[in-house]
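One letter stands for each residue in the lines below.
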Amino acid sequence: MSEKYEWRNKEKAIYPTRQKPSIVELSPQNFITITGQGDPNQPEFSRRIAALYAISYTIKMAPKKAINFAGAFDYTVFPLEAFWTLPAGFSGEVKDHKEMLQYKMMLKQPEFVTPTVFAQAKELAAAKIPTDLVPKLNLETISEGLVAMQLHVGPFDNEPASFAKLQTYLDSAGYRRTSLAHKEIYLSDFRRTAPEKLKTILRVSVAKVAAPTA
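Since this is a predicted model, take the numbers as computed values, not measurements.

Enquirer: It is not clear to me how the side chain of Lys 60 should be interpreted in this structure. Could you clarify?
Expert: For Lys 60, the position within the fold is in helix H2 (residues 43–61). Of the residues examined, Lys 60 reaches a relative accessible area of 16% and is grouped as buried. Of note is the side chain of Lys 60, whose polar atom sits 2.6 Å from the backbone oxygen of Tyr 75. The contacts of Lys 60, once residues within four sequence positions are left out, are Lys 4, Asp 74, Tyr 75 and Val 77.

Printed below as a string of structure tokens:
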């Protein structure tokens, strides 16, 4: 029997657990995604998270139900991730207008999860997912490219301090952000973890600052 694939051990550069900024070039990765807009503290956000996990665990647990996807292997389900942004032209404090937040939530998938596997898993998991959300689930290949990351420990509302630390690092290292959008990777289950103990990777797309010409 092959060894279980543990992303925590195999992909430390992608999922850093030290409070030290880092920069890495990411290869294209496959995710099951779902998009939405609104306050993440509201039930709709949780409903979409549940849909993501339902189909992802359907894929993982398929062998136990004698469903064998080609190339499948045992693995730990990857952590929840989400891209966050705001509508064009928005001005104001995000904390006061969380209903304006736009997100794409996702769970990374092993390489054997092809469009064919995804389509089959959708059918298998349909009874566990609200009917209106089934067509909103997609399998996407996402290329993030060059990114910078900072581990944030504590409540989500305190993230600005960690973003400031990351920005200081980028300035000193000669990089700049290429988008106002950012990604969050949730190493803790925020539904069950005390806010002060939450661990969240903050990730932004970056580019090297061009050297000044003589």
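Read on for the rest.
Enquirer: Would you explain the packing of aromatic side chains in this entry?
Expert: What characterises a pair of aromatic rings is the spacing of the ring centres plus the angle enclosed by the ring planes. Applying the stated rule across the entire model yields 15 aromatic pairs. Judged by centre distance (6.4 Å) and plane angle (45°), the rings of Tyr 15 and Phe 78 are tilted. Of this pair, Tyr 15 sits in the loop between helix H1 (7–10) and strand E1 (22–26) while Phe 78 is found in the loop between H2 and strand E3 (80–85), placing the two residues 63 residues apart along the sequence. For the pair Tyr 15 and Phe 78, one class covers both residues: buried. Between Phe 45 and Tyr 103, the aromatic rings sit 5.1 Å apart at their centres with planes inclined by 90°, giving edge-to-face as the arrangement. Of this pair, Phe 45 sits in helix H2 while Tyr 103 sits in strand E4 (residues 102–108); the two residues are 58 residues apart in sequence, bridging distant segments of the chain.

Enquirer: Before we go on, may I ask you to explain unusual backbone geometry in this structure?
Expert: Glycine aside, negative phi is the norm for most residues, and most peptide bonds take the trans geometry. Not every positive phi belongs to a glycine, and Ala 66 is a case in point at roughly 65°. Tracing the backbone shows Ala 66 in the loop between H2 and E3. Ala 66 gets classed as exposed once you look at its relative accessible area, which sits at 64%.

Enquirer: Hey, could you run me through the side chain of Gln 150 in this one?
Expert: As for its position among the elements, Gln 150 is in strand E6 (residues 145–153). When near neighbours in sequence (up to four residues on either side) are disregarded, Gln 150 contacts Gln 19, Lys 20, Pro 21, Ser 162, Lys 165, Leu 166, Thr 200, Ile 201 and Leu 202.

About the thresholds
Residues numbered from 1 in each chain as written. Predicted model: local features only at pLDDT ≥ 70, side-chain atom pairs only at ≥ 80, totals over all residues. Heavy atoms only, no water. Helix = DSSP H or I, 4+ residues; strand = E, 2+ residues; numbered from the N terminus. Buried < 20%, exposed > 50% of the residue type's maximum accessible area, 1.4 Å probe, protein only. Polar contact = N/O pair within 3.5 Å; in protein donor to acceptor, adjacent residues only side chain to side chain. Contact = heavy atoms within 4.5 Å. Phe/Tyr/Trp six-rings, centres within 6.5 Å; stacked < 30°, edge-to-face > 60°.

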